[in-house]
Amino acid sequence: MASFEVIGGNKLKGDIQPQGAKNEALQILCAVLLTSEPVIISNIPDIRDVNKLIDLLRGLGVKVERNAPDTYTFQADNVNLDYLDTAAFVEQGRAIRGSVMIVGPMLARFGKAKMPKPGGDKIGRRRLDTHFIGFEKLGAHFEYDSEASFYNVSADRLKGAYMLLDEASVTGTANILMAAVLAEGTTTIYNAACEPYVQQLCRMLNRMGAKISGVGSNLLVIEGVERLGGTEHRMLPDMIEIGSFIGLAAMTGSEITIKNCQIPELGLIPDTFQRLGIKMEFRGDDIYIPEQDHYMVDTYIDGSILNISDHTWPGLTPDLLSVALVVATQAKGTVLVHQKMFESRLFFVDKLIDMGAQIILCDPHRATVIGLNNQMPLRGIRMTSPDIRAGVALLIAALSAEGKSIIDNVEQIDRGYQNIDGRLNAIGAQIKRI
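Calculation criteria
Residues numbered from 1 in each chain as written. Predicted model: local features only at pLDDT ≥ 70, side-chain atom pairs only at ≥ 80, totals over all residues. Heavy atoms only, no water. pLDDT = per-residue confidence, 0-100. Contact = heavy atoms within 4.5 Å. Salt bridge = Lys/Arg side-chain N within 4 Å of Asp/Glu carboxyl O. Helix = DSSP H or I, 4+ residues; strand = E, 2+ residues; numbered from the N terminus. Buried < 20%, exposed > 50% of the residue type's maximum accessible area, 1.4 Å probe, protein only. Pairing = 2+ DSSP bridges. Axes fitted to C-alpha atoms, helices over the stretch in contact; angles between N-to-C directions.

Thoughts on the confidence of the model for the protein
For the protein, the mean per-residue pLDDT works out to 95, and 98% of the residues sit at or above 70. Predicted confidence for residues 120–125 stays below pLDDT 50, and this span has 18 contacts to residues more than four positions away or in other chains.

The following block contains the structure:
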């Protein structure tokens, strides 16, 4: 198990480039299974979860060629369905949660798919009912083997249907969408997720020959087609990493320019950090964060305490609540952080309290943060990263703290952030992998 040794208290300075979007990558890579023609994808992040999914595609027989450090060509012209019954597939499928999104494309193109119950972050219950209810509405037969923890779906031919999703699940929308593009007739998905990642998937599928309308809304209409062709696709920069860098600059009082951010695709992320008092300038497609020693939390019009909560798009992504919470510990003012979507995602605040933060964990979903206005810096401690996003939040806290921190289990951070220690060290951080 690797660890980071972090010497805190250093101001950072310079430019940093966000990686390609992890959450988009997991969808886009699964979509290559929908065609036998080559698909070229660029701006792929070199991170553990994405690399594991690429290995799974290789195991299925997909030809994978690396054209450049961030660009691959995929061709699924000889998919081996027997691989679904191997121990290697079970191991790979359980390793990452995003692997569930191979089910929609496999079902659409080959009439069957199976999947072991996937793993992922331990952030609370993350049910998959939305995915499989959607497949059933398209005419698929679904079985769950509770003893083996295996999902099985099959269909002679999927048929378009109207469906109202019980939740606006991003992965559920993507999975059902990828099944529907090859179904017979018209499919209408209401209460669809409309995150930029889903929009990107829709645009890519349309370039491949799909007929999807309503892109960017929560009402998608898909006219099924007989086949899809190849295409080229470039992924967005990772909005979670951009938000993390904004928070890092504030916590360390640093001057940082985040390059090539695709600012129109960031939604409420800049606004949320601005309400925490963080100054920023949009310079073309770059975000410039000036050095500031203090930042003051906004209040509502009536003077009541600011409440930051997650929501489906265009609300704030839940992946950034951990970072916002850490940033609030050194702001001037009080914030209520309300994590609505996952019941275990705030269970890292005990480590921040050990570092000297003033936080009241009200219940599994809410924490009140009393900002210290940088008058009482956090102190370095030894801690363990519980999941990807909390891990980066703890890294930000450690970089702002006095003294040395040790963060164990950094493999969790590696699952979502490409060479994070090397990139931050390049602008003045002191992080050593041990």
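Still to come is the rest of the account.
With respect to the pattern of salt bridges
Scanning the model with the defined rule gives 22 salt bridges in all. Among the salt bridges present, the one from Glu5 reaches Lys432, with a minimum N-O distance of 3.8 Å. Pair noted here: Glu5 is in strand E1 (residues 3–7) and Lys432 is in strand E23 (residues 430–433), with a separation of 427 residues, a long-range link. Between Glu241 and Arg423 there is a salt bridge whose closest N-O contact spans 2.5 Å. Residue Glu241 is located in helix H8 (residues 239–252), and its partner Arg423 is located in helix H14 (residues 420–425); the two are separated by 182 residues in the primary sequence. Arg423 shares its class with Glu241; the two are buried.

Notes on the sheet that holds strand E9 (residues 162–164)
The pairing of strands in a sheet comes from backbone hydrogen bonds and takes either a parallel or an antiparallel form. Read from one edge to the other, the open sheet built from 4 strands follows the order E9-E10-E12-E11, with strand pairing classed as mixed. Looking at the sheet topology across the chains shown, the edges are occupied by E9 and strand E11 (211–213). For this sheet, the mean inter-axis angle between neighbouring strands, taken without regard to orientation, is 15 degrees. Note that E9 and strand E10 (residues 186–190) share 3 bridges and pair parallel. Within E10, the residue paired with Met163 across the bridge is Ile189. Packed on one face of the sheet, helix H6 (residues 170–180) meets E9, E10, E11 and strand E12 (219–223) and runs near 20 degrees to E12.

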